[in-house]
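What follows is each chain in one-letter form.
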Amino acid sequence: MATVSLKSTAGRWVMVSTILASAMAFIDGTALNVVLPSLQKHLQATAEELFWVINSYMLILAALILIGGSLGDRLGRKRIYMIGITIFILGSAACGCSSTAGMLIFFRVIQGIGGALMIPGSLSLISSSINDDERGRAIGTWSAVTTLVTMGGPALGGALADAGLWRAIFFINVPIGIIALLILATKVAETRDADAPATIDYAGAFLIAAGLAAVTFGFLRMPTVGFGHPQIYGTIGAGIILLILFVIVEKKGKYPMLPMNLFNNKVFTSTNLLTFFLYAGLSGGMLFLSLNLIQVQGYTQLESGLTFLPFTILMIFLSRLAGSLADKWGPRYFLIAGPAIAGLGLFLMSRVGQTTGAHEYWYTFFPGILVLGLGMSLTVAPLTATVMGAVSTHLSGTASGVNNAITRIAAVFAVAILGALAVVYFSGAVSQDIERLQLNAVEQQSILAQTADLGNATAPKQLSPVVRTAVTGVYHKSFITAYQKVMWWSAVSAWLGALMILLFSSKQKLKQ
């Protein structure tokens, strides 16, 4: 198919269809962070189950998204995109009907399968359909609009959760997905890579899925059974071995889902390393910020969602501009300054302690969110355009899949590792603080048992009212201690992203 102008009718329909379906997937993630406290309460989920609600989706997405991109190149980008949307909306509807945490975790896996086929299709369709000289602007537009809708997710999620309608976060995907399917079926032409082989890398898919699952399971179980338990070092060790085998299989395979030769390109390698560290920091930071605001700082879920509006506004006004300027001046400075500024925003939020509620937002959390939004606004469009531009058009689906997979893998590791650290930090702080309450061993044990629920920890009912009040204060103080440390590590991760560009991409190579 010949490429079309971004301003043409065909070009506009490509943009509308890709934005709609992408936003459906992304809004699900951001809105979910805000409704997690309601979800945890209504489904009586532990912190470990809560993290699996997030990671069950991310794991499958990370494992299969590479295949999704390759299938699009081989069998038709629009066809695979539409199949993915269909599976995603079916999984979403099932998630909305879940009555237990276990059911929700299972149906999130179904969502992940759909997302793996759907998400790489959006950028792949843009890259293969829009003229080369307008690609940066098209991707900038896609980034700005999807980010607008995505970052509107917390406000929507908060409003629905406060109204007791957290399940609607999943049901809302159904009409959006149906509209996207109708547009794709009637207005968007098919594209494919005629030279792509019609084989599927089943071994690679199994190895990366099993490896990521094992590592994630080990980290999430660590706070419960301790690092020295065979279950922990056994599963983490097995996961690392499986991931090493994945790399070996991909290097030797004739038609790998992850062509390792892509990483011979320093631009592609450095930008994907940046993606990993930046989105690990962002994923961990946003998750624990939401939990902190709602469970400890006293924000309603709507108020928590609205705290992200400055981020959204900056992305609306700056993302497309950053993409255009990166096309003109080159992306290097944007890809260094953006993550560095984003890390500063996470660091500023790590300095916030106990507040008395949302009325203190403007001089507590607002500065950090504003700086984080500025950093991400400078990064997203140049980063996406650089990744896609680092490879030839016929590999656009694979490149999109790799970058999206790395984004999800980053989130998986962030949730698993930072989630485990948060429980360790939290339980350690609680253990120290309850010593001054002069409780017996049984009472102390019952208090510590609640730390598995993190911010949802509730003082045991058998304690006296005075002691329960004191224990609630200990839980809040200890959670903030854990939150501050997690946010610090999130900031460090974002800064490491900027360092990847400094170390591995020279100005001459990264000028696009």
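Bear in mind that the values here come from a model prediction, so they are computed numbers and not experimental data.

### Brief notes about the packing of helix 1 (residues 9-43) against helix 10 (residues 266-295)
Two numbers describe how helix 1 lies on helix 10: the axes approach to 8 Å, and their chain directions differ by 55°. Our classification of the angle between helix 1 and helix 10 gives oblique. Between helix 1 and helix 10 the crossing geometry is right-handed. Facing Asn33, Val34, Leu36, Pro37 and Gln40 of helix 1, the residues of helix 10 in contact are Met286, Leu287, Ser290, Leu291, Ile294 and Gln295.

### So, a nonpolar patch on the surface
Together, Leu302, Leu306, Leu309, Ile313, Ile316 and Phe317 make up a nonpolar patch on the protein surface, roughly 520 Å² of accessible area in all. When contributions to the nonpolar patch are tallied by element, the ones reaching two or more residues are helix 11 (301-306) and helix 12 (309-329). As for its position among the elements, Ile313 is in helix 12.

### Side note on the environment of Gln40
Summarising the element assignment, Gln40 is placed in helix 1. Taking the C-alpha atoms as reference, Gln40 lies 42 Å from Val267; in sequence the two are 227 residues apart. Excluding its chain neighbours within four sequence positions, the residues that come into contact with Gln40 are Ala45, Thr46, Ala47, Leu50, Gln295, Asp453 and Asn456.

### Considering the packing of helix 1 against helix 2 (residues 47-75)
Two elements in contact, helix 1 and helix 2, have axes whose closest approach is 11 Å; the angle formed by their N-to-C orientations is 170°. Our classification of the angle between helix 1 and helix 2 gives roughly antiparallel. Helix 2 is crossed by helix 1, and the crossing has right-handed handedness. Contact residues: Ala25, Leu32, Asn33, Leu36, Leu39 and Gln40 in helix 1; Ala47, Leu50, Val53, Ile54 and Tyr57 in helix 2.

### Comments concerning unusual backbone geometry
Even without being glycine, Gln44 reaches a positive phi, approximately 50°. Secondary-structure assignment places Gln44 in the loop between helix 1 and helix 2.

### Comments concerning the pattern of salt bridges
Evaluation of the coordinates by the stated rule reveals 2 salt bridges. For the salt bridge of Glu48 with Arg221, the shortest nitrogen-to-oxygen distance reads 3.4 Å. Highlighted residues: Glu48 in helix 2 and Arg221 in helix 8 (residues 202-225), separated in sequence by 173 residues. For Glu48, a relative accessible area of 18% corresponds to the buried category. We note a salt bridge from Lys477 to Asp433, for which the minimum N-O separation is 3.8 Å. Here Lys477, found in helix 17 (residues 465-504), pairs with Asp433, found in helix 15 (residues 396-433); they are 44 residues apart in sequence, far enough to count as distant.

### A closer look at the packing of aromatic side chains
Taken as a whole and assessed by the stated rule, the structure comprises 15 aromatic pairs. Ring centres of Tyr361 and Phe366 lie 5.9 Å apart, and the angle between their planes is 65°; on these two criteria the pair is classed as edge-to-face. What links up through ring pairs into an aromatic cluster is the set Phe276, Phe277 and Phe413.

### Considerations on the side chain of Gln40
For Gln40, a relative accessible area of 2% corresponds to the buried category. Side chain to side chain, Gln40 and Gln295 meet in a polar contact 3.1 Å long.

### Regarding the nonpolar core
The biggest cluster of nonpolar side chains holds 147 residues, and the ones touching the most others in it are Ile85, Phe288 and Met376. In terms of residue count, the dominant contributor to this core is helix 15 (18 residues). Sequence-distant contacts of Ile85, defined by excluding residues within four places in its chain, comprise Ala21, Met24, Met118, Gly177, Ala180, Leu181 and Leu184.

### Considering helix 8
A rise of 1.5 Å per residue sets the reference length of helix 8, with its 24 residues, at 34 Å; its end C-alpha atoms lie 33 Å apart and thus fit the reference within 8%. Where helix 8 bends most, the angle comes to about 25°, and this point is Phe219, followed within four residues by the proline Pro223. Trailing helix 8 by a residue or two, Gly226 shows a phi angle of about 90°, which is positive.

### Regarding helix 9 (residues 230-252)
One turn of an α-helix holds 3.6 residues; hence residues three or four places apart share an orientation. The terminal C-alpha atoms of helix 9, which comprises 23 residues, lie 32 Å apart, in line with the 33 Å expected from a rise of 1.5 Å per residue. Inspection of helix 9 places Ile232, Thr235, Ile236, Gly239, Phe246 and Glu250 among the buried residues, and these make up the whole buried set. In this fold, the buried residues of helix 9 make contact with helix 2 and helix 8.

### Re the confidence of the model for the protein
Chain-level statistics for the protein give a pLDDT mean of 84 and a share of 94% at 70 or above. Per-element mean pLDDT across the protein ranges from 76 in helix 5 (residues 135-162) up to 95 in helix 13 (residues 332-350).

The rules behind each value
- Residues numbered from 1 in each chain as written.
- Predicted model: local features only at pLDDT ≥ 70, side-chain atom pairs only at ≥ 80, totals over all residues.
- Heavy atoms only, no water.
- Axes fitted to C-alpha atoms, helices over the stretch in contact; angles between N-to-C directions.
- Helix = DSSP H or I, 4+ residues; strand = E, 2+ residues; numbered from the N terminus.
- Parallel < 35°, antiparallel > 145°, perpendicular 65-115°, else oblique.
- Left-handed = near helix turned anticlockwise from the far one by under 90°.
- Contact = heavy atoms within 4.5 Å.
- Patch = residues over 30% accessible without salt bridge, like charges linked within 9 Å, V, L, I, M, F, W, Y side chains within 5 Å.
- Areas by Shrake-Rupley, 256 points an atom, 1.4 Å probe, with all protein chains shown as cover.
- Salt bridge = Lys/Arg side-chain N within 4 Å of Asp/Glu carboxyl O.
- Buried < 20%, exposed > 50% of the residue type's maximum accessible area, 1.4 Å probe, protein only.
- Phe/Tyr/Trp six-rings, centres within 6.5 Å; stacked < 30°, edge-to-face > 60°.
- Polar contact = N/O pair within 3.5 Å; in protein donor to acceptor, adjacent residues only side chain to side chain.
- Core = buried A, V, L, I, M, F, W, Y, C linked by side-chain atoms within 4.5 Å.
- Expected span 1.5 Å × (residues − 1).
- Bend = angle between axes of the 7 residues up to and from the residue.
- pLDDT = per-residue confidence, 0-100.

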